[in-house]
Every structure is written in structure tokens, then in C-alpha cells.
Amino acid sequence: PRGVAIDRELNKTIIGNSHDNTVSIIDLTPFLFPPYQGGTQGGITPIPVGKAPEGIAVDPSNHTALVANHKDGTVSVIDLTNNSVIRTISVGQEPNDIAIDPELNLALVTNEKDYTVSVIDLITYQIIENIPVGQKPQAIDINPETHIAAVVNGKDNTIIVINLNPPSPPFRKG
């Protein structure tokens, strides 16, 4: 397993299985009620996605999970209400992490090999910008209150800060 995220309202966890190009969705509801006996009482639902799923983020506004497929340069969008892939989006080379700003309806995806962050509009599921960042961006997170994203770059040991506040794009970085 490589990535994990939780839809808090649906009480489901999504786990990336890079060895078999699937994600596993586990209903966590049975774990709320004793006696918990261990295991995966809620059952596991495997869903095929792109090659080598890694980073996962949940959009709480519409119960979708976005999965960065590292080896094929795509992001799979999964509807968590029916556990199915509803869209595949081409992004940069070797995507590996995703963060979501639910208020702005944006997802940001780090692309390791081409040193960019792809910005996805979560209403249209289209790329609206590819932002150059440092060398080998590895992880990203967004403060949903300030709409500021931070990207860490593994090869040049830098941190890039991206301001997502309107009237962007183009987004400001520093």
C-alpha cells in the first residue's frame, strides 16, 4: 500500500495498492460498534485504477477520491457513493501526491518527473494550469482556510508556496 485517505462523512477509507494497480475501499462503519474482533469486518472493495496508485485525496463536497497513478501520468476520480471510477485525467509525468481545496473546487497534483504541479478544476475535471515548481516535487498540502499550498521538492530540498486565492489563475508562487 502507498497512499490512504478517508471520507469522513461516508466513513470509508481508500488505500492505494501500487503492486496490482487497484485501490481498496473499506467501509469503516462496522469498526464503530463493539465488539471489534479485528480484520476488515466491512469488507474490501478493490477497484482497478491506473498504474502504481500512490497519493490519494478525498473531495468531501461530492464524495469523490482522486488517485495519483504514478506510472501512467493520470489521476483516477472515484465516486465513493458507488465505488466506481468516473473519470481519468491526464496530468504530468509521475504524479505522486494530491491535495484538495474544497472551497475553491481545486485539486493540486505533484508531478515528480516534469517538476510541476497540475491544477485540476473539480467541477469540469480539466487541467487549468501546470505550475513549475522545484526539482522532484514529492508532497503537497493545502490550508483550506487561507488557500495556500506548500510543495516539498526532494531533489533540490526546496519548499514552494502557492497562493490559490482568487483572482488566480495564474497562481502566485514563492
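Refer to the preceding data block for the structure.
Every value quoted in this text rests on a predicted model; they were computed, and no experiment measured them.

Thresholds, definitions, all that
Residues numbered from 1 in each chain as written. Predicted model: local features only at pLDDT ≥ 70, side-chain atom pairs only at ≥ 80, totals over all residues. Heavy atoms only, no water. Helix = DSSP H or I, 4+ residues; strand = E, 2+ residues; numbered from the N terminus. Buried < 20%, exposed > 50% of the residue type's maximum accessible area, 1.4 Å probe, protein only. Contact = heavy atoms within 4.5 Å. Pairing = 2+ DSSP bridges. Axes fitted to C-alpha atoms, helices over the stretch in contact; angles between N-to-C directions. Patch = residues over 30% accessible without salt bridge, like charges linked within 9 Å, V, L, I, M, F, W, Y side chains within 5 Å. Areas by Shrake-Rupley, 256 points an atom, 1.4 Å probe, with all protein chains shown as cover. Salt bridge = Lys/Arg side-chain N within 4 Å of Asp/Glu carboxyl O. Polar contact = N/O pair within 3.5 Å; in protein donor to acceptor, adjacent residues only side chain to side chain.

(A) Layout of unusual backbone geometry. A positive phi is found at asparagine 21, a non-glycine position, where the angle reads about 60°. Relative to the helices and strands, asparagine 21 resides in the loop between strand S2 (12–17) and strand S3 (22–27). Taking relative accessible area as the criterion, asparagine 21 reaches 28% and is therefore assigned partly exposed. Backbone geometry at histidine 63 places phi at a positive 55°, although glycine is not the residue there. Inspection of the secondary structure assignment puts histidine 63 in the loop between strand S5 (53–59) and strand S6 (64–69).

(B) Up close: the side chain of glutamate 54. Counting through the fold element by element, glutamate 54 comes out in strand S5. Apart from the residues lying within four places of it in its own chain, the contact partners of glutamate 54 are Arg2, Gly3, Ala68, His70 and Asn96.

(C) Geometry of the sheet that holds S3. An order of S1-S2-S3-S4 is seen for the four strands of this open sheet, with the pairing classed as antiparallel. In this open sheet, the two strands that pair with only one neighbour each are strand S1 (4–7) and strand S4 (44–48). Shown here is a sheet whose adjacent strand axes are inclined to one another by a mean of 25°, direction ignored. Where S3 lies against S4, five bridges are found, and the strand directions are antiparallel. In the sheet register, serine 24 faces S4, and the bridge partner there is proline 46.

(D) Expanded view of the pairing of strand S12 (residues 126–132). Of the pairings in the sheet, the one linking strand S11 (residues 116–121) to S12 comprises six bridges and is antiparallel in character. In the sheet register, threonine 116 faces S12, and the bridge partner there is proline 132. Where S11 folds back on S12, the antiparallel hairpin that results is connected by four residues, among which tyrosine 125 adopts a positive phi of roughly 60°.

(E) Representation of a nonpolar patch on the surface within the structure. Where nonpolar side chains cluster on the molecular surface, the patch consists of Val152, Ile159 and Val161 and spans about 240 Å² of accessible area. By the element assignment, valine 152 lies in strand S14 (residues 148–153).

(F) Quick peek at the side chain of threonine 74. Within the secondary structure, threonine 74 is located in strand S7 (residues 74–79). For threonine 74, a relative accessible area of 11% puts it in the buried group. In this structure the side chain of threonine 74 is engaged in a polar contact, spanning 2.7 Å, whose partner is the side chain of aspartate 72. Ignoring any residue separated from it by four or fewer positions in sequence, one finds threonine 74 in contact with Val67, Ala68, Asn69, Thr88, Ile89, Ser90, Val91 and Pro95.

(G) Molecular detail of the sheet that holds S11. Pairing within the open sheet is antiparallel, and its four strands lie in the order S9-S10-S11-S12. The open sheet has two edge strands with one neighbour each: strand S9 (95–101) and S12. Averaged over all adjacent pairs, the angle separating strand axes in this sheet is 20°, with direction ignored.

(H) Molecular detail of the environment of asparagine 11. Its location among the elements puts asparagine 11 in the loop between S1 and S2. Taking the relative accessible area as the measure of exposure, asparagine 11 reaches 17% and is therefore buried. Along the primary structure asparagine 11 and aspartate 27 are separated by 16 residues, whereas in three dimensions their C-alpha atoms are 6.3 Å apart. Look past the residues within four positions of asparagine 11 in its chain and what remains in contact with it is Ile26, Asp27, Leu28, Thr29 and Leu32.

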